[in-house]
Amino acid sequence: MSELLQLYKKTRSQSAALCEPLEIEDYIPQPVDFASPPKWHLSHSTWFFEEMILKKFVKDYQVFNPHFAFLFNSYYQTLGERAIRTERGTITRPTVKEVYDYRKYVDDHISALLQNPVNSTLEELIVLGINHEQQHQELLITDLKHTLSYNPIYPVYKENFNLTAQQNSEKGWLKIDEGIYSIGFEGEGFHFDNEKGRHQVFLHEFEISKSLVTNAEFIEFMQAGGYENFKFWLDEGWNWVTENQVKSPLYWTKIDDKWHSFTLEGLKPIEPEDILTHISFYEAQAFATWKGCRLPTEFEWEVTAEQLDWGMDLFRLSSLSKV
């Protein structure tokens, strides 16, 4: 088996593994318009391989179901009409079983295709599809968490699967000298097109925190009236806070005067030294202002990222930069 086919199968298996703890009822709900149900993620990532690869590289290829191109396209306007994004949770048919049959059908055809010599164009599309599906794995798990959070009994997705229980390994500040730095992708490996256009930027001298903001630090902000004092907030952020009555980070709730957070392993007490997660830009900016700091710019972050031990975990609030 080729390395490319191994990577393909590993990626596809990971999507299915993420859904193993689910019941049928978990595959369909879409409580908010910016999230998608697990069934849709499984189908859309499969549609990508069928639409972009099999229909182009397999002679006389027969699509699994002609309706799926409409149901599971996302924003590829050049590829035809698509179902309304906000109504993905209303699509009860095809069934979950049919979706898994669809995945197997496409996997079998991709596996057969990759038994033959692969040219550079096909290889690039397969690699793109793999990265695309890995993105949807992240979306699937974050969308699912948001959906489960609406349930008042705080259901457990999976025991010992709390992706936000991480702590800092470094403290202090990293100093970056003033100068001209190169920004953007460089190399021969995979990258998305929005990473291209390597160019130079000028940065003033600055310092960036080696550690990320902790729950304990953010609780201090809350106790200091951070959510009640408009002077810490951008005008748009203050409107967001007041209109939505935001009093704490997403998924936080107070029980018996103690903060808890909804996680993928259910409701858990807040661990003070864990890294803060699920913070909006507005909240991050307000906290930084309260702290007498500012958020790093995109260019500052890119210059310093490889020098910081922030791990690979998702959903983290960016580190602070000194004003």
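For the structure, see preceding data.
All residue numbers here refer to positions counted from 1 along the written sequence of the relevant chain. For this predicted model, a pLDDT threshold of at least 70 governs which residues receive local features, and a threshold of 80 or more governs which side-chain atom pairs are given and counted, while totals over whole chains, interfaces and linings are taken from all residues. The basis for every side-chain value is the complete set of non-hydrogen atoms in the structure, without hydrogens or water.

### Observations concerning the overall build of the protein
Turning to step 1, where the next piece is worked out: Secondary structure elements follow DSSP: runs of H or I of four or more residues count as helices, runs of E of two or more count as strands, with numbering from the N terminus. If you tally the helices and strands in the protein, you get nine helices and nine strands.
Turning to step 2, where the next piece is worked out: Each principal axis of the C-alpha atoms in the protein carries an extent, and together these give about 65 × 50 × 35 Å.
Turning to step 3, where the next piece is worked out: Burial status across the protein gives 44% buried among its 323 residues.
Turning to step 4, where the next piece is worked out: Every residue pair with non-hydrogen atoms within 4.5 Å of one another is taken to be in contact. The contacts of the protein with a sequence gap of at least 6 include a subset with a gap of at least 24, amounting to 75%.
Turning to step 5, where the next piece is worked out: For the accessible areas, the method is Shrake-Rupley and the probe is 1.4 Å, while residue cover comes only from the protein chains on display. Carbon together with sulfur atoms contributes 50% to the accessible area of the protein, which is approximately 18100 Å² in total. For the exposure calls, accessible area comes from a 1.4 Å probe over protein chains only, and a residue counts as buried if that area is under 20% of its type's maximum, exposed if over 50%, partly exposed in between.

### Examining the environment of Gln30
Turning to step 1, where the next piece is worked out: Structurally, the position occupied by Gln30 is in the loop between helix H1 (3–19) and helix H2 (38–57).
Turning to step 2, where the next piece is worked out: Here Gln30 falls in the buried class, since its relative accessible area comes to 15%.
Turning to step 3, where the next piece is worked out: Spatially, the C-alpha atom of Gln30 lies 21 Å from that of Ser261, the residues being 231 residues apart in sequence.
Turning to step 4, where the next piece is worked out: We call two N or O atoms a polar contact when they sit within 3.5 Å, provided that within protein one can donate a hydrogen and the other can accept it, with sequence-adjacent residues counted only if both atoms are side-chain atoms. Among the polar contacts listed, one links the side chain of Gln30 to the backbone oxygen of Ala35, at a separation of 2.8 Å.

### Describing the sheet that holds strand S7 (residues 266–269)
Turning to step 1, where the next piece is worked out: A sheet is described by the order of its strands in space; here three strands give the open sequence S5-S6-S7, paired in antiparallel fashion. Lying at the two open borders of the sheet, with one neighbouring strand each, are strand S5 (252–255) and S7. Strand-to-strand twist across the sheet, computed as the mean angle between neighbouring axes with direction ignored, equals 40°.
Turning to step 2, where the next piece is worked out: At least two DSSP bridges between two strands are needed for those strands to be called paired. Sheet topology note: the strand S6 (residues 258–263)/S7 ladder contains four bridges and is antiparallel. Counted as the bridge partner of His260 is Pro269 from S7. Here an axis means a line fitted to C-alpha atoms, over the contact stretch when the element is a helix, while the angle between two N-to-C directions is reported on a 0 to 180 degree scale.

### Topic: the packing of H1 against helix H5 (residues 120–149)
Turning to step 1, where the next piece is worked out: Running from amino to carboxyl end, H1 crosses H5 at an angle of 15°, the nearest separation of the two axes being 10 Å. The angle between H1 and H5 places the two elements in the roughly parallel class. Judged by the sense of rotation from one axis to the other, the crossing of H1 with H5 is left-handed. Residues Leu4, Leu7, Tyr8, Thr11, Arg12, Gln14, Ser15, Leu18 and Cys19 of H1 form the contact with H5, whose participating residues are Glu123, Ile126, Val127, Ile130, Glu133, Gln134, Gln137, Leu140 and Ile141.
Turning to step 2, where the next piece is worked out: Taken together, the residues of the contact of H1 with H5 break down into ten nonpolar, five polar and three charged. Orientation is classified from the angle alone, with under 35 degrees giving roughly parallel, over 145 giving roughly antiparallel, 65 to 115 giving roughly perpendicular, and any other angle giving oblique. Take the far helix as the reference: if the near one is turned anticlockwise from it by less than a right angle, the crossing is left-handed, and if turned clockwise, right-handed. Following the grouping adopted for this structure description, the nonpolar residues are Ala, Val, Leu, Ile, Met, Phe, Trp, Tyr, Cys and Pro, the charged ones are Asp, Glu, Lys and Arg, and the polar ones are all others, Gly among them.

### Side note on H5
Turning to step 1, where the next piece is worked out: One less than the number of residues in a helix, times 1.5 Å, gives the span that helix is expected to have. Its 30 residues give H5 an end-to-end C-alpha distance of 44 Å, which sits within 8% of 44 Å, the value for a rise of 1.5 Å per residue.
Turning to step 2, where the next piece is worked out: A distance of 3.2 Å separates the backbone nitrogen of Thr121 from a side-chain oxygen at the start of H5, and that oxygen is part of Asn119.

### Notes on the side chain of Glu51
Turning to step 1, where the next piece is worked out: Along the chain, Glu51 falls in helix H2.
Turning to step 2, where the next piece is worked out: At 3.1 Å, the side chain of Glu51 and the side chain of Lys55 are in polar contact.

### Some remarks on the packing of H2 against helix H4 (residues 96–113)
Turning to step 1, where the next piece is worked out: One can describe the packing of H2 onto H4 by two numbers: an axis separation of 10 Å at closest approach and a directional angle of 30°. Judged by the twist between their axes, the crossing of H2 over H4 is left-handed. Of the residues in H4, those touching H2 at Lys39, Leu42, Ser43, Ser45, Thr46, Trp47, Phe49, Glu50, Ile53, Leu54 and Phe57 are Val96, Val99, Tyr100, Tyr102, Arg103, Tyr105, Val106, His109, Ile110 and Leu113.
Turning to step 2, where the next piece is worked out: For the contact of H2 with H4, the per-class residue count stands at 14 nonpolar, four polar and three charged.

### Things to note about the pairing of S5
Turning to step 1, where the next piece is worked out: Bridge analysis of S5 against S6 gives four bridges, and the strand direction is antiparallel. Across the sheet, residue Trp252 finds its bridge partner in S6, namely Ser261.
Turning to step 2, where the next piece is worked out: In this antiparallel pair of consecutive strands, S5 and S6, the connection spans two residues, and Asp256 shows a positive phi of 50°.

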